[in-house]
Amino acid sequence: GIKLLIFDEPTAVLTESEAERLLETMQALAKKGIAIVFITHRIDEVIQVTNSMTVLRDGTFVDYLQTKDVTAAKIAELMVGRKVEKLVDDVEEDQRNIDEEDILLRLKDFHVDMPGEKVKGVDLELRRGEILGIGGLAGQGKVGIPNGILGLYESEGTVEFDGDIIDTKKLGAALEKHIAFVSEDRRGVGLLLEESIEQNIVFTAMQTQNQFLKKYGFFSLFDKKKAKEHTLNMIKQLDIRCTGPEQYAGRLSGGNQQKVCLARAITMNPKLLVVSEPTRGIDIGAKKLVLELLAKMNREQGMTIIMVSSELNELRSLCDRIAIVSDGKITGVFSPDASDAEYGMAMSGVVKGGNE
C-alpha cells in the first residue's frame, strides 16, 4: 500500500554496481505508480532516473526543472552558482613568485579512515608559498585530509613534507615539522575549554618549540610576562571579544573561540598553516577579518596555507588553486575563476576537470 518513497542519498555507501541496481529498482517501482522523492548530489543519477527536479542551495529554493530540458552543466551551475561577493580586500600587490617545481607537501595514495569523511586514495601537491583550497560537499572527504595529515585518524599512504616523510601514526609528528592545524571541531579538538585564552594561545608553541620559557641553568620556567604580551597582541589583532587573557576559552562565543584557535596556530610560526572551516560560526565582519589575516600572512610572511572550506565563495576569494573532493577522491584542481559549471560537475563527481 505504499504510495510514496523518500530516498536520501541512498547510493552514497553503495558500490557502482549496487547503485545501478538500486536505480533500476527505483524506476521499476515508479512504473508501478509509486511516487519517489530522490535526494542526491550526483548529477548523473538525477539525469538517469528523474522526471523533474528541484535544486536547493544553502537551504533555499533555486529552481524547478523538467529533467529532459536540462543539461548536466546547467544543473551544476545551479548547484553552486551565486553572486560573487568580494570577501577579501586587496592586501597589497601580489609580489609572490611561486615555483611550480618547489613542492612543500606531497600526498601519494593517501587514505584516511575518518567516520563520515573517508579519504579514498588522494594524490595532491602543495607548492611552497601558495594558498591551496580544498572544497566539496559535506561528507565527501575534504575534512578527512587535514585530520589524516595531523594523525588524528588512522591513515595509509605517503605524506611527504619539505623532503621528509611524516609518520602519521605518531600523534604530534606533523606539529614537530612545524605544521599548524586549526580544526573544524574547535570545542572537541581545538580548545582547552577550562583553560584561559592565554594558555590556549601559547600552550602548543611552548610544548613543541619551547617558546614562552625562561631558562635557568637546567630548568625552564614559564615566562608569564612574554605570554601575556603576546596574548594581548593576538586579542587586538584578531579582535577577540573577551574580558581579558585570563577568561576561560569555554566561556567565549563560537566565533571568538575560532579566533583563539587561529591565534594559537599563528603563534607557532608554522611552515604550513592548515585551516579547516576557519569561518564556521563567525559573523560576516569577523569572517572578513579572518580571511584578510590569512591573505596578509601569505603575502607578507610567505606562509603556505591549506584552507578547507564548504564555502566555495571563500575559497575563490582567497586561494591560488582549489582542489575539489567527491567520494573521497580529488575530482579536479581548478583556478579560482573556473566556471560554476566546472565546480558543480567536480563536486557531483561527474567528471574530472582542472589541471592547474
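Nothing here was measured: the structure is a model prediction, and the numbers come from that model. (Residues numbered from 1 in each chain as written. Predicted model: local features only at pLDDT ≥ 70, side-chain atom pairs only at ≥ 80, totals over all residues. Heavy atoms only, no water.)

Applying the stated criterion across every chain yields a total of 16 salt bridges. Residue E45 pairs with R42 through a salt bridge whose shortest N-O separation is 3.6 Å. No difference in accessibility class separates E45 from R42, as the two residues are buried. The shortest N-O distance in the salt bridge between K118 and D113 comes to 2.2 Å. Under the relative-accessibility criterion, K118 is labelled partly exposed at 40%. Taking relative accessible area as the criterion, D113 reaches 42% and is therefore assigned partly exposed. (Salt bridge = Lys/Arg side-chain N within 4 Å of Asp/Glu carboxyl O. Buried < 20%, exposed > 50% of the residue type's maximum accessible area, 1.4 Å probe, protein only.)

Okay, a negative patch on the surface next. A surface patch of negative charge is lined by E16, E20, E24 and D44. A total of three residues in the negative patch trace back to one element, the largest contributor, which is helix α1 (residues 16-31). Position of E24 among the secondary structure elements: in helix α1. (Patch = residues over 30% accessible without salt bridge, like charges linked within 9 Å, V, L, I, M, F, W, Y side chains within 5 Å. Areas by Shrake-Rupley, 256 points an atom, 1.4 Å probe, with all protein chains shown as cover. Lys, Arg positive; Asp, Glu negative; His and termini not counted. Charge placed at Lys NZ, Arg CZ, Asp CG, Glu CD. Helix = DSSP H or I, 4+ residues; strand = E, 2+ residues; numbered from the N terminus.)

A word on the environment of D239. The topology assignment puts D239 in the loop between α8 (224-238) and α9 (254-267). Expressed as a C-alpha distance, the spacing of D239 and A286, which sit 47 residues apart in the sequence, is 8.1 Å. Ignoring anything within four residues of it in the chain, the contact list for D239 reads M234, N256, K259 and L289. (Contact = heavy atoms within 4.5 Å.)

On to the sheet that holds strand β15 (residues 321-326). Judged by pairing direction, the sheet is mixed, and its six strands sit side by side in the order β10-β13-β14-β7-β15-β16 without closing on themselves. Taken across any chain shown, the strands that pair with only one partner, and hence form the sheet edges, are β10 (179-182) and β16 (329-334). Sheet twist, expressed as the mean angle between neighbouring strand axes with direction ignored, is 20°. Both β10 and strand β13 (residues 272-276) contribute to a ladder of four bridges, which runs parallel. Residue pairing in the sheet places A180 in a bridge with L273 of β13. α9 contacts β10 and β13 of the sheet and is inclined by roughly 180° relative to β10. Packed on one face of the sheet, helix α12 (residues 340-347) meets β15 and β16 and runs near 35° to β15. (Pairing = 2+ DSSP bridges. Axes fitted to C-alpha atoms, helices over the stretch in contact; angles between N-to-C directions.)

Moving on, we come to the side chain of T231. With respect to the helices and strands, the residue T231 is situated in helix α8. In terms of polar contacts, T231 uses its side chain to reach the backbone carbonyl oxygen of A227, at 2.8 Å. In contact with T231, not counting residues within four places along its chain, are I197, E198, I201, V202 and P245. (Polar contact = N/O pair within 3.5 Å; in protein donor to acceptor, adjacent residues only side chain to side chain.)

Here the focus is unusual backbone geometry. One non-glycine residue, D109, lies in positive phi territory at about 45°. Relative to the assigned elements, D109 resides in strand β5 (residues 103-112). For D109, a relative accessible area of 47% translates into the label partly exposed. Notably, D239 is not glycine yet its phi reads approximately 55°, a positive angle. The partly exposed category is assigned to D239, whose relative accessible area is 30%.

Let us now look at the layout of surface pockets. Considered as a void within the structure, the largest pocket measures approximately 1,200 Å³ in volume. Lining of the largest pocket is provided by 38 residues; of these, I39, T40, H41, T54 and L56 occupy positions nearest its centre. Sorting the residues of the lining of the largest pocket by element identifies α1, β2 (35-39), α2 (43-49), β3 (52-57) and α3 (72-80) as the ones contributing at least two each. Sorting elements by how many residues they give to the lining of the largest pocket places β3 first, with six residues. Of the residues in the lining of the largest pocket, the class split is 22 nonpolar, 11 polar and five charged. Each pocket or cavity is described by its volume, and for the second largest pocket that value is around 600 Å³. Along the walls of the second largest pocket sit 22 residues, with E16, R42, D44, D327 and G349 positioned nearest its centre. (1 Å grid on protein atoms, 1.4 Å probe; cavity = no way out; pocket = protein on both sides within 12 Å on 5 of 7 lines; lining within 4 Å. Points joined across faces, edges and corners; volume = space filled by probe spheres on them. Nonpolar A, V, L, I, M, F, W, Y, C, P; charged D, E, K, R; others polar.)

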